[in-house]
Each structure stands twice: as structure tokens, then as C-alpha cells.
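Structure at a glance
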Amino acid sequence: QFVVPRAQTNPLGPMPFEVTKASLERATSREAASDAAIAFVAGRWAAGLVMTVRDGQAVGYRGHNVKLPETVTVRLGQPSTVQRAVSSKKPSIEAASGPAQDGLKQALANAATPAVAPVFVRGLPFAVIAVGDPLGDPGDSALVDLGKLADVLGRTYERMLGDR
């Protein structure tokens, strides 16, 4: 009898940023790039989403520990960490109160303090990476790491659009 081992679903530890960066630099599709970003998120946060920004809202596209990521929608006109990250053009943990923030927290495994980093392409908001509570004690590096990931993902998406 031939047995094929199952792929491990929980990483042994966080994927190094340089490995993720190299994966993003080699990615040839939006799906591959988003999957690489989510793999990085999975090693550092309890839950995460890559969300596309369009028509005044952020819509879930890829997720880690999120049920049906494509059903998660956050309107940019409503107060939320997503809105604050997009409007400030930098990663944010600034909380807001209201239904948009409540929905975001719930989607991210009931996160106490969601963090969001905007992904810009050609100077416009193209996506956001939203994450739940960090795994372990990341110190001050969690928001910095999230911002670095968003920057590289934005450059990757931009490269792909330039190839067209």
C-alpha cells in the first residue's frame, strides 16, 4: 500500500521574512502572491486576511483561520482599523467602534486588537492585509513586519500589472 503524507497545515515556526520576500518576487499570479503573504501571516498571527480594495470597500480574498474570507466586507466609509490604515497610508492598530470594526474583529478569530496594513499599487489603495492577535510575544515588531509585507506585496502586484 502506498501512503502519501498530508501536507502540514500548521507551520513549525514563523516563515522568515526573506523567504516570503523571495516567494513574492518570484510570484507570477495574484493568487500565488496572496498565498505567499498569507503563509507569512499564518506563522505570526492567529488569523489574517488579504482584502481587495474596490468600490469603497475592502473585500476578503485570501485568509488564514477565517471562515469564508470572500464573505468578509468592510466599508471604507465606516470607522474601522481598515479605514484608518487606508486613509493614513500606513499600518494601523487604531481601533474604532461600530459595526465595521465589530465585523472585522469577529472575522479575525475575535481579535482583541486587529492590525491592518494598506497595500498600494501606483499610489492607490489596492488591497489591505488585516491580522488578528499575534502569536506569542512579538514585541514591537509585529506592526513593522506587517508593513514590510504590505510594501513587498504592493510591489509584487505592481510588477504584475506592468507585465500586462
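Now for a description of the structure that goes with this document. (Residues numbered from 1 in each chain as written. Predicted model: local features only at pLDDT ≥ 70, side-chain atom pairs only at ≥ 80, totals over all residues. Heavy atoms only, no water.)

All buried positions along helix α4 (residues 99–107) are accounted for by A100, Q101, L104 and A107. Summarising the axial view, the buried residues of α4 lie within an arc of 130°, below the 170-degree limit, and thus occupy one face. Facing away from the buried side of α4 by over 90 degrees, the exposed positions are P99 and Q106. Positive phi appears at A109, one or two residues downstream of α4, with a value of about 60°. (Buried < 20%, exposed > 50% of the residue type's maximum accessible area, 1.4 Å probe, protein only. Helix = DSSP H or I, 4+ residues; strand = E, 2+ residues; numbered from the N terminus. Arc of directions from axis to C-beta.)

To continue, consider the sheet that holds strand β4 (residues 115–121). Strand order in the open sheet made by the five strands is β3-β2-β1-β5-β4, with antiparallel pairing throughout. Each edge of the open sheet carries a strand with a single partner, namely β3 (73–75) and β4. Recorded for the sheet is a direction-independent mean angle of 25° between the axes of neighbouring strands. As paired strands, β4 and strand β5 (residues 124–131) are joined by seven bridges and run antiparallel to one another. By the bridge assignment, V119 is partnered in β5 with A127. Along the sheet, helix α5 (residues 141–162) contacts β1 (48–54), β4 and β5; its crossing angle with β4, the most-contacted strand, is approximately 25°. (Pairing = 2+ DSSP bridges. Axes fitted to C-alpha atoms, helices over the stretch in contact; angles between N-to-C directions. Contact = heavy atoms within 4.5 Å.)

Tallying each qualifying case throughout the model produces three aromatic pairs. Centre to centre, the rings of F126 and Y157 are 5.1 Å apart; their planes meet at 55°, and the pair counts as tilted. Of the two residues, F126 sits in strand β5 while Y157 sits in helix α5, which places them 31 residues apart along the sequence. Through pairs of rings, three or more aromatic residues link up here, namely F17, F40 and W45. The aromatic ring of Y61 is capped on one face by R30, whose charged end is 3.8 Å from the ring centroid. The ring of F17 has K148 lying over it, and the distance from NZ or CZ to the ring centre is 4.6 Å. (Phe/Tyr/Trp six-rings, centres within 6.5 Å; stacked < 30°, edge-to-face > 60°. Lys NZ or Arg CZ within 6 Å of the ring centre and 35° of its normal.)

Considered for burial, the residues of helix α1 (residues 17–26) that qualify are F17, T20 and L24. One side of α1 holds all its buried residues, which, seen down the axis, span an arc of 60°. Away from the buried face of α1 by more than 90 degrees, exposed residues E18 and R26 are located. Close packing links the buried residues of α1 with α2 (30–42) and α5.

Now for the side chain of T52. Structurally, T52 can be placed in strand β1. A distance of 2.5 Å separates a polar atom in the side chain of T52 from a polar atom in the side chain of R30. Aside from chain neighbours lying at most four places away, what touches T52 is R30, Q57, A58, V59, Y61, F126 and A127. (Polar contact = N/O pair within 3.5 Å; in protein donor to acceptor, adjacent residues only side chain to side chain.)

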